[in-house]
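Per-entry structural report
So you can see what is in the structure, the chains are spelled out below.
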Amino acid sequence: MHSSDCFDRNCVKISRFTLLPTSFPRNEFEKATSIQATLQKLMHKVAYNQDFLNNTLKSTIKVDDFTAELFKIYKTVYEEGYAQSYSLGLLRSDYLLNGDLEIKQVELNTISSSFAGLAPLVSNLHKFVLSELGHHDKTKNLPENYSCVQYAQGLIDAWTLYKNTEAVILFIVEEITCNICDQRAIEFEIRRVNPQIRVIRRTFADLIKQAQLRPNKELIVGNHIVAVAYYRTGYQSTAYTSNDVWSIRLLIERSRAIKCPSIQYQLAGTKKVQEALAQPGVLKQFLDESEITKVLKIFTGLYALELNEAGDKAVAMGISQPEKYVLKPQREGGGNNVYGTDIKIVLETLKNSEERNAYTLMEYIDAPLQNNYFLGPNNDKNTLVDLISELGIYGIIIGDENDIKVNKQVGHVIRTKPFGENEGGIIAGAGGLDSPYLI
Ligand code: ADP
Ligand code: MG
Ligand code: MG
């Protein structure tokens, strides 16, 4: 076990889950699963389109240091030429139901998508609970879920593509890994399917000491050659505690290892890119007409706050009716967004400054409430509570600029949070894992 693995009180929170599955309209669930491959193709094309990333992010990187640093790494590797042409994407597209019970995309995560390892356990637990309650016949309404097996397979597929049976899969992990069980589930599945594949876990601090690039761009960690570098950290600015961490990120990106995700995929997953894709006509350069019609149905209003007339209008909308929007900075991992009257305060402060380009204004999705019980070691008063649920659809994509080799939808999760909590961060302790009961 890695010395920083943690099973203390902070981590107990993540095992929180609902007693029962959450009702979800079957046709909307199927809409979400069937559109996943199209969304992944879209992400892939964006990630490999330098002009689009440049144009979309140029005003944001002037004012947002974190995105600017990521972009600097992207520019360096792009100008050098990618040492590894393939990227591995283990993605999760997230949805809330709106007032008409239609799915609307909250965001698409391209880095460190969590809970694919644990989600099938929750699906199975809910089947068990329904059976115990005498409703075995109803377990057919809980869709099969193979996200753990499939995420492991995605990493194995990338490892196979690297064509060096001695090489390892590197999990890059936080100093204190609260979500350890989720990561280990995927690791153990890799080892079960192919015990020949070694998985190593290292923090950025470890890598500063142990990682090197060979002249042929092989990534070496200690005595190992790395075939696949899988980031379970690096999505939040707090992971980059020093310039040495940024240097090690650059070193990994320059290497021949297949990155999950590559830097260009991480940038494709920013809220700013999501906002750009929702503007009229933009999808045309990436998708065909019938795909565009389907994708636009799941998008909700996303407004740029650039210093122009449209941006001024968006700022005025946010100030006059803040309860209708969420204000999002270019951040990941939950807990960063601005809601309600705070939007008014932030927008009035930013008003006509360039700083507002760091944010995206998104329509608030007013999701329906359901009742359920949360179970877990720390809480739990066994009371029925009002909850809001967010569906996540997992998928795998492997490809390079010219060719997509693998592109499939592979499973799902529901993350449920108490009504009134703006952000459902499970690691932060507010939410819990859940699964869909299709109706
Ligand atoms: P992050 O990358 O930090 O997870 P998200 O865009 O997923 O950022 O926002 C975090 C949380 O905020 C979501 O899980 C959801 O609970 C809430 N949220 C985000 N966007 C909206 C929205 N448009 N309407 C309602 N709630 C939202
Ligand atoms: Mg995210
Ligand atoms: Mg999210």
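In the nomenclature of an unreviewed UniProt entry, the chain is known as Glutathione synthetase of Microctonus hyperodae. Its UniProt record gives the chain the following Pathway (unreviewed entry) comment, quoted word for word: "Sulfur metabolism; glutathione biosynthesis; glutathione from L-cysteine and L-glutamate: step 2/2." Annotation of the chain in UniProt includes, under Sequence similarities (unreviewed entry), the sentence "Belongs to the eukaryotic GSH synthase family."

Taken as a whole, this structure holds 12 aromatic pairs when the rule is applied. Both rings, one in phenylalanine 66 and one in tyrosine 240, keep their centres 5.9 Å apart while their planes meet at 50 degrees; by these two values the pair is tilted. With phenylalanine 66 in helix α4 (residues 65-80) and tyrosine 240 in the loop between β9 (224-231) and α9 (243-254), this pair connects stretches of sequence that are 174 residues apart. Both residues of the pair, phenylalanine 66 and tyrosine 240, count as buried.

With that settled, the discussion passes to the domain arrangement of the chain. As assigned here, the chain comprises domain 1 (9-292 + 369-438) and domain 2 (301-364). For domain 1 and domain 2, the distance between their C-alpha centres works out to 26 Å. Each side of the interface is counted separately: domain 1 has 24 residues, and domain 2 has 22 residues. Taken together, the two surfaces of domain 1 and domain 2 that pack against each other cover about 2000 Å², and 47% of this comes from carbon and sulfur.

Another point: the nonpolar core. As a rule of thumb, nonpolar side chains are buried together in soluble globular proteins. The biggest cluster of nonpolar side chains holds 66 residues, and the ones touching the most others in it are Val46, Leu170 and Leu277. Ranked by residues supplied to this core, first place goes to helix α2 (residues 26-47) with 8 residues. Those residues in contact with valine 46 that sit more than four places away from it in its chain are Phe52, Leu53, Ala268, Val273, Leu277 and Phe286. Among the nonpolar cores identified, the runner-up in size contains 38 residues, and Tyr151, Ile186, Ile190 and Ala227 belong to it.

Taken together, the protein ligands of the magnesium ion (ligand 2) are Glu107 (OE), Glu107 (OE), Asn109 (OD1) and Glu332 (OE), with distances of 1.9 to 2.3 Å. Written as a sequence motif, the donor residues of the magnesium ion (ligand 2) are E-x1-N-x222-E. The two metals, the magnesium ion (ligand 2) and the magnesium ion (ligand 3), are separated by 3.6 Å and share glutamate 107 as a common coordinating residue. Taken as a pair, glutamate 107 and asparagine 109 share a single burial class, namely buried.

What counts, and at which threshold
Residues numbered from 1 in each chain as written. Chains lettered and ligands numbered in written order. Predicted model: local features only at pLDDT ≥ 70, side-chain atom pairs only at ≥ 80, totals over all residues. Heavy atoms only, no water. UniProt positions renumbered as here; feature names shortened; annotations may be inferred. Phe/Tyr/Trp six-rings, centres within 6.5 Å; stacked < 30°, edge-to-face > 60°. Helix = DSSP H or I, 4+ residues; strand = E, 2+ residues; numbered from the N terminus. Buried < 20%, exposed > 50% of the residue type's maximum accessible area, 1.4 Å probe, protein only. Domains from an automatic or database assignment. Contact = heavy atoms within 4.5 Å. Buried area = accessible area lost by both parts, 1.4 Å probe. Core = buried A, V, L, I, M, F, W, Y, C linked by side-chain atoms within 4.5 Å. Donors = N, O, S within 2.8 Å, 3.2 Å for Na, K, Ca; no water.

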